[in-house]
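# Fold and geometry: a report
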Amino acid sequence: MAEKQEVYQDTKLDLENKSGNISLASTLGAADSTDEKLRALGETNPYYDNDLTWTAEEEKRLVRIFDLKVLSWIGVMFFFLQLDRGNMSNALTDNMLGDLNINLNTFTLGSTIFILFFCFFEIPSNMIIRRVGPHRWIPVLMFFWGLATASQVFLKDKVSYFITRAFVGLFEAGYIPGIAIYLTTYYKREEMALRLSIFWSTLSISNSCAGVLSYFILHMRGVAGLAGWKWLFLIEGCTTAFIGVLSFFILPEGPTATKGYLRFSGYLTERQELIAVTRLIRDDPSKADPGKKVVPKEDIWRAVTSTKIWPHLLIGFFGLLPSTPIAGFSPLILK
């Protein structure tokens, strides 16, 4: 119960300091019981019903819809993200270095530029997501990283190579954390671990398919006077951009906005929309606040200096350190 009280107190401070909703914050302070606080939070969302009840089967059916309609397409998007990440190592096997008159040191420098731009633009990209919404920003990112990937067909030298790697890293930066934010608009905290596991499993599927696809595409060397590696970037990049355009019409804004575009008549009934929103707010009351469009500088600094985040970063860094170079150069080594 103490933990719940802390959550509500944090929510109250968020409402006061970030969204300026003093009246709601005052209401939270005046409310004594958990039910009253949830009711006050729900007043900001017309889809929240504090008295709503539902069966376990109804909730299970609702989550299944999210899995089939939302999570599955997110997996498709991640599949093509990983294809675009992995095609550079496969392109090495088609004499890419010789065609561009660069060596492995230059290639590695380009990979470092990609990583630097990827890391540097993670936070700015996700600040934009809070303003425009992940359902808009994520397809935009995907479209432009697809174009950046396809533009590598015009590579002539190391300068153009460095520039395209920077742009690919820039546009890919916000996708994965943006997807994590997006999924929280559908799933409760206890449901997120399984969905993120399913999401990351797409990585292995994509890696498994990348080599096979590259084998056939690289054999197109000479078609229209292009090298096989140029065909690889062109085909996979254009396909990714196309998926990005489709995503703009497929990804809904949230559980209460699933109708329209390629979603046609929508995924949920009116009752299911009420259940979807109510269960999320009961699980995490801060989701009732519609004013969190701007990320305060204090939150950024708190995240950067958090003692809970840095151990995870270090574990990820040292965990990936041995395998990443091998994964990047294994096609060339095998050749």
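This text goes with the structure placed above it.
In what follows, the accompanying structure is described. Given the structure is predicted, the values throughout are model-derived calculations rather than measurements.

For the rest of this paragraph, the subject is the packing of helix H8 (residues 134-150) against helix H12 (residues 228-250). If you want to describe how two helices pack, look at the angle between their axes and the distance between the axes. Put simply, H8 and H12 touch, their axes get as near as 7 Å, and they point 165° apart. What the angle tells us is that H8 and H12 run roughly antiparallel. Of the two possible hands of crossing, H8 and H12 adopt the one that is left-handed. Seen from H8, the contacting residues are Arg136, Pro139, Met142, Phe143, Trp145, Gly146, Leu147, Thr149 and Ala150; seen from H12, they are Phe233, Leu234, Gly237, Cys238, Thr240, Ala241, Ile243, Gly244, Val245, Ser247 and Phe248. A per-class count over the contact of H8 with H12 returns 13 nonpolar, six polar and one charged.

Turning our attention to the side chain of Glu172. By the secondary structure assignment, Glu172 is in helix H9 (residues 158-172). Judged by relative accessible area, which is 0%, Glu172 ranks as buried. The contact partners of Glu172, leaving out residues within four places of it in the chain, are Leu81, Asp84, Arg85, Phe114, Phe118 and Trp145.

Right, let's talk about the packing of aromatic side chains for a bit. With the rule as written, the count across this model stands at 23 aromatic pairs. Ring geometry for Phe66 versus Tyr186: centroids 5.0 Å apart, planes at 70°, classification edge-to-face. Separated by 120 residues along the polypeptide, Phe66 in helix H4 (residues 56-91) and Tyr186 in the loop between helix H10 (175-183) and helix H11 (189-218) bring together distant segments of the chain. You can call Phe66 buried: its relative accessible area is 2%.

The next point concerns unusual backbone geometry. For residues besides glycine, phi is generally negative; the peptide bonds are generally trans as well. For Asn101, which is not glycine, the phi torsion reads 60° and is therefore positive. Tracing the sequence through the fold places Asn101 in the loop between helix H5 (96-100) and helix H6 (104-120). Its identity as a non-glycine residue notwithstanding, Phe264 has a phi of 55°, on the positive side. Positionally, Phe264 belongs in the loop between H12 and helix H13 (270-283).

Reading guide: rules and limits
- Residues numbered from 1 in each chain as written.
- Predicted model: local features only at pLDDT ≥ 70, side-chain atom pairs only at ≥ 80, totals over all residues.
- Heavy atoms only, no water.
- Axes fitted to C-alpha atoms, helices over the stretch in contact; angles between N-to-C directions.
- Helix = DSSP H or I, 4+ residues; strand = E, 2+ residues; numbered from the N terminus.
- Parallel < 35°, antiparallel > 145°, perpendicular 65-115°, else oblique.
- Left-handed = near helix turned anticlockwise from the far one by under 90°.
- Contact = heavy atoms within 4.5 Å.
- Nonpolar A, V, L, I, M, F, W, Y, C, P; charged D, E, K, R; others polar.
- Buried < 20%, exposed > 50% of the residue type's maximum accessible area, 1.4 Å probe, protein only.
- Phe/Tyr/Trp six-rings, centres within 6.5 Å; stacked < 30°, edge-to-face > 60°.

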